[in-house]
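A closer look at the structure
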Amino acid sequence: MIVGTVVKLRTKFLDNMSGTKGICYETYDIGQQGGASIIFENGKYDGFSPEEQKEILIPLGFNEDLMNYKFQNVMKLSEDFEEGVFDLIFKE
């Protein structure tokens, strides 16, 4: 998964219903395993290992407008969410 990947939930997660959209805002490496951080329509976010991505997320596509999003910290992420940076995904 790469930054800008749009997903939806297979199941209820973080107070979101199944089918809720999310977008990858960061990828990371922990040891030999990578992961992807996703923010959802309700503003909650979490990291997902490759196994969790397969179990919990369904890839929908890719958004070029957000592929260059630079994650700085969770405070800035929440601020960006409130300012509508991700609205083009969540309002589609």
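Above this note sits the structure.
Cut-offs used in this document
- Residues numbered from 1 in each chain as written.
- Predicted model: local features only at pLDDT ≥ 70, side-chain atom pairs only at ≥ 80, totals over all residues.
- Heavy atoms only, no water.
- Helix = DSSP H or I, 4+ residues; strand = E, 2+ residues; numbered from the N terminus.
- Contact = heavy atoms within 4.5 Å.
- Pairing = 2+ DSSP bridges.
- Axes fitted to C-alpha atoms, helices over the stretch in contact; angles between N-to-C directions.

1. Observations regarding the side chain of Asp80
Structurally, Asp80 is set in helix 2 (residues 74-82). Those residues within four positions of Asp80 in sequence are excluded, and the remaining contacts are Tyr69, Val85 and Phe86.

2. Regarding the sheet that holds strand 4 (residues 45-48)
Reading across from one edge, 4-3-2-1-5 is the order of the five strands in this open sheet, with antiparallel pairing throughout. Looking at strand neighbours, the two that pair on one side only are strand 4 and strand 5 (57-62), the edges of this open sheet. Within this sheet the neighbouring strands show an average axis-to-axis angle of 40°, counted without direction. Here four bridges tie strand 3 (residues 33-40) to strand 4, and the two strands are oriented antiparallel to one another. Across the sheet, the residue bridging to Ile39 is Tyr45, located in strand 4.

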